[in-house]
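Residue-level structural notes
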Amino acid sequence: MTTTPTAPDGGASSQLIDRYQHAVMGVFGTPQLVLERGEGPYVWDVDGTRYLDLLAGIAVNSLGHGHPALVAAIQQQAATLIHISNLYTTPAQIELAERLLQLSGAPEGSAVFLCNSGSEANETAIKLARRTGRHGIVAAVGAFHGRTTGAVSLTAKEAYRAPFAPLLPGVEHVPYGDIDALRAAVDETTSAVFLEPIQGEAGVIEGSREYLIAAREITRAKGALLILDEVQTGIGRTGDWFAFQRAGVVPDAITVAKGLGGGVPIGGLIAFGAELSGSLTAGQHGTTFGGNPLACAAANAVLTTIETDGLLAQVTQTGQWFADALTGLGHPAISHVRGRGLLLGLVLTVPVAPALAGLARSAGFIVNAPGPDVIRLAPPLIITTDHLQEFVDALPALLDAATQETT
């Protein structure tokens, strides 16, 4: 039986949040919830309140919570071998690298570097770009590539950048989706262009097929790399293994993380082609925990489940149903839905997204407001239309309340 959602202003949640604030560095602000367990697309807080998780740990929990295949793989690997360092390898690491090459369509001679996060994957990509002998990098306005020093240099949001200036030199940001601006920015000093096929943190803004094709043509003409950040969009999130595949382009490298481990931290760089894959040689890069047996076993379980359960097709169908159901409400506060698969942005006609996210949480739904007029929806890939109908049914009243609250 589901309990009525309440704000964490009493009981165990309140006590634990107080302890959090005295012990944990405050870079994330005050936690909104203290979660204790999860099952499928639902999570429960320490006070017993159930929430429909429409964010999946920000596109991470691809199989939801407590998926039997993922749990079994982690348990078996934890009982066998957790960590060995990269002085050695394991069957799980080799299998995962081979599968990523195959699923990404990388040509013969390509190779994978496994690490722990999207930021670390993008740091690796920056070093790969530097091996071209050039130093300029072009990224996009609205981009989010991570919080480490190199990655935040590519990230466009000034609030993330300013406190840590000076950052990596030679980075230029151009308007996302603007082919002419991209062409003007890329020259013989450019080592790489970094782009997200869909900008998640900017509010789920998708680059057109024409834009990605043009980016490939522009970089090739100038001898620069095209590096696509698939950290949020990869591993089935958009209904394809990787979002770039819909455009039919072949990048020089892609970065992955988030959904790959289903909640276990893992990231990676896939370098396309033998020449680029060999440009980082022994001793020029490394990681202690990257590609460890536990993370690789989890990632292999995620990939296998997506394949055997037909989740790519399910994501496409469910995502389209969800987008149609949201726009079909005809609510005056809803402008449109953008994105692809199960990475969707509910765009509003009024800047009430933060208030709406808070009211949704109080009503038992976890969503995210990356901007004042957009709600990001990135539920587990295993979610069904029956689950999503709960949110669709509740949304009109939540929108009404959010609009009244902010006027």
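Keep in mind the model is a prediction, meaning the values are calculated, not measured.

Thoughts on the packing of helix α12 (residues 311–328) against helix α14 (residues 385–405)
Running from amino to carboxyl end, α12 crosses α14 at an angle of 15°, the nearest separation of the two axes being 10 Å. The orientation of α12 with respect to α14, classified from their angle, is roughly parallel. Seen along the crossing, α12 lies across α14 with a hand that is right-handed. Contacts between α12 and α14 involve Thr318, Trp321, Phe322, Ala325 and Leu326 from the first element and Thr385, Leu388, Gln389, Phe391, Val392 and Leu395 from the second. Grouping the amino acids of the contact of α12 with α14 by side-chain chemistry returns eight nonpolar, three polar and no charged.

Some thoughts on the environment of Leu356
Here Leu356 lies in helix α13 (residues 353–362). A C-alpha to C-alpha distance of 29 Å links Leu356 and His67, two positions 289 residues apart in sequence. Beyond its immediate chain neighbours, meaning those up to four positions away, Leu356 contacts Leu348, Ile375, Leu395, Leu398, Leu399 and Ala402.

Remarks on the sheet that holds strand β15 (residues 365–366)
Read across the sheet, four strands follow the order β1-β2-β3-β15 without closing on themselves; strand pairing throughout is mixed. Only two strands of the sheet have a single partner each, and these edge strands are β1 (35–39) and β15. For strand β2 (residues 42–45) and strand β3 (residues 50–53), the ladder comprises three bridges, and the chain directions are antiparallel. Directly across from Trp44, in β3, lies its bridge partner Arg50.

Some points on the pattern of salt bridges
Per the counting criterion, the structure on display carries ten salt bridges. Ionic pairing is found between Glu158 and Arg161, a salt bridge with its closest N-O pair at 3.9 Å. One end of the pair is Glu158 and the other is Arg161, both in helix α7 (residues 158–161) and three residues apart, which spans about a single turn. For Glu158, a relative accessible area of 52% gives the class exposed. On the accessibility criterion, Arg161 (18% relative accessible area) is buried. Note that Asp180 is salt-bridged to Arg183, the shortest N-O span being 3.7 Å. In this pair, Asp180 and Arg183 both sit in helix α8 (residues 179–185), three residues apart, roughly one turn of the helix. The exposure class of Asp180 is exposed, given its relative accessible area of 58%. Taking the relative accessible area as the measure of exposure, Arg183 reaches 44% and is therefore partly exposed.

Some points on the pairing of β2
Of the two faces of β2, the one lined by Tyr42 and Trp44 and the one lined by Val43 and Asp45 are each fully buried. Summarising the sheet, β1 and β2 pair through four bridges and their orientation is antiparallel. When the sheet's bridge partners are listed, Leu35 is paired in β2 with Asp45. Linking two consecutive strands that pair antiparallel, namely β1 and β2, is a turn of two residues; a positive phi of about 60° is found at Gly40 within it. Linkage of β2 to β3, two consecutive antiparallel strands, is achieved through a turn of four residues, within which Gly48 is found at a positive phi near 90°.

Considerations on the pairing of strand β17 (residues 374–377)
Two faces, one strand: in a regular strand the side chains alternate between the faces of the sheet. The alternating pattern of β17 places Val374 and Arg376 on one face and Ile375 and Leu377 on the opposite face, and all of these are buried. Sheet topology places strand β14 (residues 343–348) next to β17; four bridges connect them, and they run antiparallel. Note on β17: the bridge partner recorded for Leu344 is Leu377. Here strand β16 (residues 368–371) pairs with β17 via two bridges, running antiparallel. Paired with Asn368 across the strands is Arg376, a residue of β17.

Regarding the confidence of the model for the protein
Mean pLDDT over the protein: 96, with 98% of residues reaching 70 or higher. Counting contacts from residues 1–7, a segment whose pLDDT is below 50, to residues more than four positions away or on other chains yields 13 contacts.

Some details on unusual backbone geometry
Trans peptide bonds make up most of the peptide bonds, and negative phi angles are found at most residues other than glycine. A cis geometry characterises the amide bond from Ala165 onward to Pro166, with omega recorded as 0°. The residue Pro166 is located in the loop between α7 and β6 (171–174) in this model. One non-glycine residue, Lys258, lies in the positive phi region at around 35°. Its place among the elements puts Lys258 in the loop between β11 (253–256) and β12 (267–271). Of the residues examined, Lys258 reaches a relative accessible area of 24% and is grouped as partly exposed.

Topic: the sheet that holds strand β13 (residues 334–340)
Spatially, four strands are ordered β13-β14-β17-β16 in an open sheet, and the strand pairing comes out antiparallel. Each having just a single partner strand, β13 and β16 make up the two edges of the open sheet. Averaged over all pairs of adjacent strands, the angle between their axes in this sheet comes to 30°, without regard to strand direction. Where α12 meets the sheet, it contacts β13, β14 and β17, and its direction lies at approximately 170° from that of β13. The strands touched by α13 are β14, β16 and β17; relative to β16, the strand with the most contacts, the crossing angle is about 170°.

Analysis parameters
- Within any chain, residue numbers begin from 1 and follow the written order of that chain's sequence.
- A pLDDT threshold of at least 70 governs which residues receive local features in this predicted model, and a stricter bar of 80 or more applies before side-chain atom pairs are shown or counted, although totals over entire chains, interfaces and linings include all residues.
- As a convention, hydrogens and water are excluded, and side-chain values are obtained from all of the structure's heavy atoms.
- Interaxial angles span 0 to 180 degrees and are taken between N-to-C directions of axes, which are lines fitted to C-alpha atoms, for helices over the stretch in contact.
- Where helices and strands are cited, they refer to DSSP runs of H or I of at least four residues and of E of at least two residues respectively, numbered from the N terminus.
- Note that the term roughly parallel is reserved for angles under 35 degrees, roughly antiparallel for angles over 145, roughly perpendicular for angles of 65 to 115, and oblique for everything else.
- Note on convention: near helix rotated counterclockwise from far helix by under a right angle means a left-handed crossing. Clockwise means right-handed.
- Any two residues having at least one pair of non-hydrogen atoms within 4.5 Å are treated as being in contact.
- The nonpolar class holds Ala, Val, Leu, Ile, Met, Phe, Trp, Tyr, Cys and Pro. Asp, Glu, Lys and Arg form the charged class, and all remaining residues, Gly among them, are polar.
- When DSSP locates at least two bridges between a pair of strands, those strands are taken to pair.
- The working definition used for a salt bridge is a side-chain nitrogen of Lys or Arg within 4 Å of a carboxyl oxygen of Asp or Glu.
- Note on classification: 1.4 Å probe, protein chains only; a residue is buried when its accessible area is under 20% of the maximum for its type, exposed when over 50%, partly exposed between these limits.
- Scored between 0 and 100, pLDDT is the confidence that the predictor attaches to each residue.

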